[in-house]
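Examining the three-dimensional arrangement
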Amino acid sequence: MPTPTAQPINPWSWSLNLGFDQGQVIEGHQRQLVCSGQDAVDADGNPQHPDDMAAQLELALDNLEAVLTAADMTFANVARLNAYTTDVDELFKHWSRIPDRFGDFDGRFVTSVLGVTRLGAPRLLVLLEATALD
C-alpha cells in the first residue's frame, strides 16, 4: 500500500507550538479508521482515576493506542484528534502529553477541543476521538 502523505495547511503558525496543524491535505491512503471516543476506562469499561486529568489523559491515550494497534496502525496514522473535556483549562495544563505521544512519529494532526458539561460517566474529565488513515 502507498504511504499516505499529509501536506500541512497553516495560514498562521501559532498552532505549531501546540503540536497541531490548522488543516492537512491527505493523499494516498487506503484505509480509514474512525475511532469511538476513548476515555479513562479499564478493559471492563470501568472509569478510572476520578477527577485526575493527567492520569485520565494518559489512560485515554493508552486506550486510543490500543484501538490503533488492533487496526495495525499507530499514532503516526492519526489525521484528526478531537478532545472533549469537562475542564478545558485543566486539559490545556496537560496538553503537551498529547503531542509527546505523537512525537516519536514526528506527526501533527488537526484538532478541535470542546468543553462539555458531562461525559458518559460521572467524574470522567476527557475523551479523545480520532480518525486515522493508512
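Overview of the structure. (Residues numbered from 1 in each chain as written. Predicted model: local features only at pLDDT ≥ 70, side-chain atom pairs only at ≥ 80, totals over all residues. Heavy atoms only, no water.)

Some thoughts on unusual backbone geometry
- Unusually for a residue other than glycine, D51 sits at a positive phi of about 65 degrees.
- Classification of D51 by relative accessible area gives partly exposed; the value is 47%.
- Of note, R123 is a non-glycine position whose phi angle comes to about 75 degrees, a positive value.
- Residue placement: R123 occurs in the loop between β6 (109-115) and β7 (126-133).
- Using a relative accessible area of 48% as the deciding quantity, one classes R123 as partly exposed. (Buried < 20%, exposed > 50% of the residue type's maximum accessible area, 1.4 Å probe, protein only. Helix = DSSP H or I, 4+ residues; strand = E, 2+ residues; numbered from the N terminus.)

Here's the deal with the sheet that holds β6
- Ordered in space as β2-β6-β5-β7-β4, the 5 strands form an open sheet in which the pairing is mixed. For this open sheet the edge positions go to β2 (20-21) and β4 (32-34), each flanked by a neighbour on one side alone.
- Bridge analysis of strand β5 (residues 78-85) against β6 gives 6 bridges, and the strand direction is parallel. Of the residues in β6, the one forming a bridge with A83 is V113. (Pairing = 2+ DSSP bridges.)

A word on the pattern of salt bridges
- Scanning the entire structure with this criterion turns up 7 salt bridges.
- One salt bridge in this structure joins R97 and E58, with 3.2 Å as the shortest N-O distance. Taken together, the positions of R97 in helix α3 (residues 97-102) and E58 in helix α1 (residues 53-70) put the pair 39 residues apart, joining distant regions of the chain.
- Exposure remark for E58: the relative accessible area of 24% places this residue in the partly exposed category.
- Close ionic contact of E90 with K93 constitutes a salt bridge, the shortest N to O distance being 3.2 Å. (Salt bridge = Lys/Arg side-chain N within 4 Å of Asp/Glu carboxyl O.)

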